[in-house]
Amino acid sequence: MDAPPRFRRKIIRDWQALAAACGGRRPLVFTNGCFDILHRGHVTYLDQARSLGAALVVGVNTDASVHRLNKGPERPINPLEDRLEVLAALESVDFVTAFDEDTPLQLITALQPDVLVKGGDWPVTAIVGADLVLARGGQVHSIPFEHERSTTALVRRLQETGHGR
C-alpha cells in the first residue's frame, strides 16, 4: 500500500497539538472560511495571507457550520475531509484545522495568531477575533480581492446554465 500523501501532515485537528506544531513560527498568520470549491480567488488570497508571516494556519468550517451559515441547501458541495486535503496540498498553507462553531473565535483564542486575515469583503472592524489580536499587538488585514470570484456565484452560474443538475 502506498504511503499517505505528505500534505496530510498539515491537517491537525487537535488545537493544542496545532499550537505546539506552530511553535516558534512567528509571526503566525490565521485565516478561516468554508473553502467549498477552491478557485483562483482563494488561491491568490491564501498566497497573499501567507506572505504576511512565517506560517499560515487555515481554519475550515465543518459541514454543519457551513449549513448554519445559510449558504444554501446544497452547501457545502465538497465534504470537510476533501476541503481539508485540498487546502493542505497548497504550498502557501502550513497547517489546516476544522472548527464546528459558528465563528472561529475559540480557535483564534487557542492559537493566539499574530496576524488575522480575511478577504476584502470583510471590514477589519467586523473580523471575528480582531479585538483579541490587536490587543496583543498583532495585525488584522482585510485583503482586497484581486480576482472577483466566489463559490456562491460559481454554484449559481452552474445552476443557471444547467450544469449543476
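Please read these numbers as outputs of a predicted model, since none were measured by experiment.

Student: Which residues make up the side chain of arginine 75, and what values do they have?
Tutor: The residue arginine 75 is located in the loop between helix 3 (63-68) and helix 4 (80-88) in this model. Overall, arginine 75 belongs to the buried group, its relative accessible area being 2%.

Student: Please give an account of the nonpolar core that cites residues and values.
Tutor: Of all hydrophobic cores here, the largest spans 20 residues; its most connected members are Leu46, Val58 and Leu87. Elements that contribute at least two residues to this core include exactly helix 2 (40-50), strand 2 (55-61), helix 4, strand 3 (95-99) and strand 4 (115-119). For this core, the element with the highest residue contribution is helix 4, accounting for 4 residues. Setting aside its immediate chain neighbours within four residues, leucine 46 contacts Thr31, Phe35, Leu56, Val58, Leu87, Leu90, Ser92 and Val93. Counting residues in each nonpolar core, the second largest holds 18 residues, with Ile12, Leu28, Leu107 and Ile127 among its members.

Student: Got a sec to walk through the sheet that holds strand 4? Specific residues and values, please.
Tutor: The 5 strands lie next to each other as 3-2-1-4-5, forming an open sheet whose pairing is parallel. At either end of the open sheet lies a strand with only one pairing partner, and these are strand 3 and strand 5 (139-143). Between one strand axis and the next, the sheet turns by 25° as a mean value, whatever way the strands run. Strand direction decides the pairing type here: strand 4 and strand 5, joined by 5 bridges, are parallel. Considered in strand 5, the bridge of glycine 119 is made with isoleucine 143. The strands touched by helix 2 are strand 1 (28-33), strand 2, strand 4 and strand 5; relative to strand 2, the strand with the most contacts, the crossing angle is about 135°.

Student: I'd like a description of unusual backbone geometry, backed by residues and values.
Tutor: Following arginine 26, the chain continues into proline 27 via a peptide bond in cis, with omega recorded as 0°. Summarising the element assignment, proline 27 is placed in the loop between helix 1 (15-22) and strand 1. Residue proline 76 is bonded to the preceding arginine 75 through a cis peptide linkage, with omega at 0°. You can see proline 76 is positioned in the loop between helix 3 and helix 4. Located in the positive-phi region is glutamine 112, a residue other than glycine, with phi close to 55°. Within the secondary structure layout, glutamine 112 lies in the loop between helix 5 (105-111) and strand 4. Residue classification places glutamine 112 among the partly exposed residues on the basis of a relative accessible area of 30%.

Parameters at a glance
Residues numbered from 1 in each chain as written. Predicted model: local features only at pLDDT ≥ 70, side-chain atom pairs only at ≥ 80, totals over all residues. Heavy atoms only, no water. Helix = DSSP H or I, 4+ residues; strand = E, 2+ residues; numbered from the N terminus. Buried < 20%, exposed > 50% of the residue type's maximum accessible area, 1.4 Å probe, protein only. Core = buried A, V, L, I, M, F, W, Y, C linked by side-chain atoms within 4.5 Å. Contact = heavy atoms within 4.5 Å. Pairing = 2+ DSSP bridges. Axes fitted to C-alpha atoms, helices over the stretch in contact; angles between N-to-C directions.

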